[in-house]
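Listed below are the residues making up each chain.
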Amino acid sequence: MLHGDVGLELAARVAAAVKSSLDLDITPAEALIRPSSRPGADYQCNAAMGLGKKVGRPPREVAAAIVGALDGTDLIVEPEIAGPGFINLTLTDTWLTTQMEGLFSDPRLGVEKTEHPRRIAIDYSSPNVAKEMHVGHVRSTIIGDALVRLLRFHGDEVIPHNHLGDWGTPFGMLIEHLIDQGFNAEHSISDLNGFYQEARKKFDADPDFAERARLRVVKLQSGDEETLRLWNELVDESMRHFMKVYQMLGIGLTPEDNYGESFYNPFLADTVDELEQKGLTEISDGAVCVFPKGFFNRDGDPLPLIIRKSDGGYGYMSTDLATVRYWTGERGATDLLYVVGTPQSQHFAMVFAASRDAGWLTPDHNAVHVNFGSILGEDGKMFRTRSGDTIKLIDLLDEAIHRAAALVQERSELDEADQAKVARAVGIGAIKYADLSSDREKDYVFSWEKMLATDGNTAAYLQYANARTLSIIRKSGQTPQPGTPVILAEKAERDLALQLIQLPAAVQSAIDGYTPHKLATYLFDTATAFTAFFEKCPVLKAESDELRASRLVLCALTSKVLTMGLDLLGIEAPTRL
Ligand code: ARG
């Protein structure tokens, strides 16, 4: 039988042993099962120390009681007690080989679907109309897409939504500028940042223009047809630009996923009314505000969420309150994820607090600001071009593919057309993996050299490892068959097997913390275990046919795990490189 997650299986058995020997109920998590770094032990159980304190008995005695009651003959070699009461657990080779054989015929590679699917609305990418995406949007796009893939695979219902910045006062000046340019959006905003800056400059320098821009905002907000048409042109043209980026990155977002700020406009008045009716609002300096408990500025004054400005307008904060109300209310989402940079932490904390007060978030809901740090240049400062400009994303992606092409050409025997495909996979993979392999909450340094290295924790290393496993299989002229007995004779073989069965745990921990890097680390460890195996254990020249067949199965399984893992991160794994 295939066990999804061996750690959980061990935990369940330890929990049962605790129950029968000590008559205590503990959860699987409280069994404190951890992969072990001690030679000879695969896992260890650290529960006896805490339980000893609880029942007032020496931990070693408690450990002995647990071991005595442990049902593990099929799974674990004689458990050992070490130090103050650690229980060392070593999996039997029989069990491990059965797992290898089970994994081989399981399309989900041991990862079980959740029995409690959630409906998850995830806000990611969310760039601003008539502006270039900046690196913050890139991170949001890449991390958000990986989370969508992971959660869908987990069995949740996932609704992506792109919170485009497509509304508000800047659109007055942008539309007026478009009119001055002769209405041709495609022509005028091909250079998005340029268009925005020109409009801004005119707005600051020319009072007539500024006045026109202000009137235009009023027209936009009152639904004037001509104004809406122009506004639509700006949105569509920007969207065409964003779609190009999404396609290059292999991101599934489409215009159907657009739920921009404008989408919530019709709900804003009701949102504010509801807050007022519930007695949650106060007037402060003429603006309607909510003061969620526990938020203060530096002087110790309570911080407001401004939900209607003194001029009657609504802003970013009101819109985000409306997002919570809409997704939990109209759409029945149980989970709300906002993949947005760390600088907006306080904003989301306040929005969530106010939404709880308003009853839009209940204890059954799970609202999370999936925050992330910045991308830094190699000088440790904000990532910019040498001349100090913001970097254009399209240029960055082009450069990645270009650099990858040079790398692939150096090493590859593929023909030109295939090389180009592979270069795209390696280049885009490098950018995405550099982002996904680092803890999202930390800043990371953008370095071409590091991200395109074929050694180390990079996409290229994983892609090459995968291509190598497949090339060995091709060279063998054999197709590994399900039911092939797996032999774990060498330590490197056993280490690889132990690594391969941990995919379910890695996927789960990536999901639990919305931390794709946990999966990336696992994939890197797997590729490393494969490299060690490959160095120690000849495959094609194995001593016997049985050993050769078994090792081919390990190669095939490694490829399956790497390919699936990379796919869950949104990264391609070419079969040849
Ligand atoms: N457009 C915003 C920005 O560029 C990000 C929006 C994030 N999502 C949200 N619901 N506030 O900063």
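Nothing here was measured: the structure is a model prediction, and the numbers come from that model. (Residues numbered from 1 in each chain as written. Predicted model: local features only at pLDDT ≥ 70, side-chain atom pairs only at ≥ 80, totals over all residues. Heavy atoms only, no water.)

### Points about the site of the ligand
Here's step 1: Neighbouring the ligand are the residues Asp123, Ser126, Asn128, His137, His163, Tyr316, Asp320, Tyr338, Val340, Gln344 and Phe348.
Here's step 2: Within the side chain of Tyr316, a nitrogen or oxygen atom sits 2.6 Å from a nitrogen atom of the ligand.
Here's step 3: At 3.2 Å from an oxygen atom of the ligand is found a side-chain nitrogen or oxygen belonging to Gln344.
Here's step 4: Its free accessible area being 350 Å², the ligand has 89% of it covered by the protein chains.
Here's step 5: For the shell around the ligand, the residue count by class is 4 nonpolar, 5 polar and 2 charged. (Near = heavy atom within 4 Å. Polar contact = N/O pair within 3.5 Å; in protein donor to acceptor, adjacent residues only side chain to side chain. Areas by Shrake-Rupley, 256 points an atom, 1.4 Å probe, with all protein chains shown as cover. Nonpolar A, V, L, I, M, F, W, Y, C, P; charged D, E, K, R; others polar.)

### Digging into the environment of Arg13
Here's step 1: Looking at the secondary structure, you find Arg13 in helix 1 (residues 6–22).
Here's step 2: Between the C-alpha atoms of Arg13 and Gly429, which are 416 residues apart in sequence, the distance is 40 Å.
Here's step 3: In terms of polar contacts, Arg13 uses its side chain to reach the backbone carbonyl oxygen of Asp71, at 3.0 Å. (Helix = DSSP H or I, 4+ residues; strand = E, 2+ residues; numbered from the N terminus.)

### Comments concerning the pattern of salt bridges
Here's step 1: If you walk through the whole model with that rule in mind, you get 30 salt bridges.
Here's step 2: The closest approach of N and O atoms between Arg13 and Asp74, which form a salt bridge, is 2.8 Å. Taken together, the residues span a long stretch of sequence, with Arg13 in helix 1 and Asp74 in the loop between helix 3 (59–69) and strand 3 (76–82) at a distance of 61 residues.
Here's step 3: Residue class for Arg13 comes out buried when judged on its relative accessible area of 12%. (Salt bridge = Lys/Arg side-chain N within 4 Å of Asp/Glu carboxyl O. Buried < 20%, exposed > 50% of the residue type's maximum accessible area, 1.4 Å probe, protein only.)

### A closer look at the nonpolar core
Here's step 1: Ranked by size, the top nonpolar core spans 140 residues in total, and within it Leu91 and Leu519 carry the most contacts.
Here's step 2: Per-element accounting of this core gives the leading share, 12 residues, to helix 21 (residues 545–569).
Here's step 3: Discounting chain neighbours no more than four positions away, the residues touching Leu519 are Leu150, Leu503, Ala506, Val507, Ala510, Gly565, Leu568 and Leu569.
Here's step 4: In this structure, Leu275, Leu321, Val324 and Tyr338 belong to the second largest nonpolar core, which totals 31 residues. (Core = buried A, V, L, I, M, F, W, Y, C linked by side-chain atoms within 4.5 Å. Contact = heavy atoms within 4.5 Å.)

### Thoughts on the UniProt feature "short sequence motif: 'HIGH' region" (unreviewed entry) in the protein
Here's step 1: Using the residue numbers shown here, the UniProt feature "short sequence motif: 'HIGH' region" (unreviewed entry) corresponds to residues 127–137.
Here's step 2: Along residues 127–137 one finds 27% helix and 0% strand; the C-alpha atoms at either end are 6 Å apart. (UniProt positions renumbered as here; feature names shortened; annotations may be inferred.)

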